[in-house]
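Overview (structure and organization)
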Amino acid sequence: VAGKVILFGVVAVFVAWLAVPQLRDGSFKLIRPSEPVTVVLRGESQSSLKPGIEPDEQVLALSINGESRAYSVPLLSRHEIVNDVVGGVPVAVTW
Amino acid sequence: VLGFVPVTHTTWAAWRELHPDTLVLDKHDRSSRDSYQSYYGNGSAGVIGESVRDERLPRKERVVGVAGSTGVKAYPFSALELTLVVNDSFADLDVVVFLDAPTQTGLAYSRTVDGRTLTFDLAPYGGGIQTAFVDRENGSQWLALTGRAISGEMKDATLERVLSHLSFWFAWTDWNPDTALYGD
């Protein structure tokens with residue numbers, strides 16, 4: 001029985017790993033609703049990748065000590081809080 | 001008590017134009033659909049509900065809630081959409097509250113600069129991120145979305161954001177049952 005449980009667990013983790021790209025690249029924390037998001041930042045000028053935000057999408061945004069950040073409201077609706085460091089200042093952004 | 005950092009609740013396009021060097025939380029191409037979209041538009045007070053029912057405004061009216069050290073006040077979007085700029089004083093604060101209607105960006109600044117209290121009007125030119133105030137006292141122009149003076153005697157001065165945030169009316173009154181209400 002123990003062997004079957006272990007096998008089931010391994011299969012479940014493998015399926016989750018396949019299904020959620022964020023787990024594979026290690027840049028996105030496993031989350032539940034209401035669990036904080038590990039911040040991953042992507043400036044459009046830094047790569048050809050797009051941040052995936054529509055122009056009219058609502059964001060919560062801030063600038064501290066010359067550094068600026070934007071956090072998508074639809075994404076915050078899923079996670080409700082982001083922990084980040086902006087301009088050397090630790091901040092928690094909540095929604 | 002955690003310190004307060006003012007945020008700007010606006011559109012991605014407006015923020016990116018204001019701050020071309022901004023970084024953004026990576027969405028990993030997740031949908032731009034907000035899972036609370038229907039909640040924003042219905043009459044529900046949310047999962048927890050409300051402990052205070054203040055009928056001066058509809059429950060889901062959006063307000064710019066401003067807190068002074070001796071009192072709080074709410075500025076409804078419905079009123080700001082008519083005037084766009086409100087010069088006001090309450091508690092220990094002299095404030096200017098602004099709504100950029102196209103992006104639904106509501107901001108509150110102290111209108112005390114270098115010990116002087118200024119009075120602002122919307123400039124009859126500009127638009128978008130170039131929307132500007134003009135102060136009556138010396139005619140300086142101030143960008144409304146950043147609070148920074150771009151011309152005149154006060155050039156390069158910056159209006160200080162006051163403790164404030166956007167909220168639904170029911171949530172604001174639940175936390176601040178004794179709130180004053182602009183236009184009441």
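Refer to the structure printed above.
Residues numbered from 1 in each chain as written. Chains lettered and ligands numbered in written order. Predicted model: local features only at pLDDT ≥ 70, side-chain atom pairs only at ≥ 80, totals over all residues. Heavy atoms only, no water.

1. A word on the pairing of strand β11 (residues 132-135) of chain B
Residues and elements named next belong to chain B. Summarising the sheet, strand β10 (residues 120-122) and β11 pair through three bridges and their orientation is antiparallel. Counterpart to D121 in the pairing with β11 is V134. As defined by bridge partners, β11 adjoins strand β12 (residues 141-143) across three bridges and the pair is classed as antiparallel. Within β12, the position partnered with V134 by the bridge is Q141. Hairpin geometry of β11 and β12 is characterised by an intervening segment of five residues between the two adjacent antiparallel strands and by a positive phi of about 75° at G139. (Pairing = 2+ DSSP bridges. Helix = DSSP H or I, 4+ residues; strand = E, 2+ residues; numbered from the N terminus.)

2. What about the layout of surface pockets?
Volume-wise, the second largest pocket comes out at about 310 Å³. Of all the secondary structure elements, the ones that give two or more residues to the lining of the second largest pocket are β2 (58-64) of chain A together with α1 (12-18) of chain B. In terms of residue count, the dominant contributor to the lining of the second largest pocket is β2 of chain A (four residues). Looking at the lining of the second largest pocket, its residues break down into eleven nonpolar, five polar and two charged. (1 Å grid on protein atoms, 1.4 Å probe; cavity = no way out; pocket = protein on both sides within 12 Å on 5 of 7 lines; lining within 4 Å. Points joined across faces, edges and corners; volume = space filled by probe spheres on them. Nonpolar A, V, L, I, M, F, W, Y, C, P; charged D, E, K, R; others polar.)

3. Quick look at the sheet that holds strand β2 (residues 23-24) of chain B
Pairing is mixed across the open sheet formed by four strands, whose spatial order is β1(B)-β2(A)-β3(A)-β2(B). The sheet terminates laterally at β1 (8-11) and β2 of chain B, the two strands that pair on one side only. Both strand β3 (residues 67-72) of chain A and β2 of chain B contribute to a ladder of two bridges, which runs parallel. Bridge pairing in β2 of chain B links A70 of chain A to V24 of chain B.

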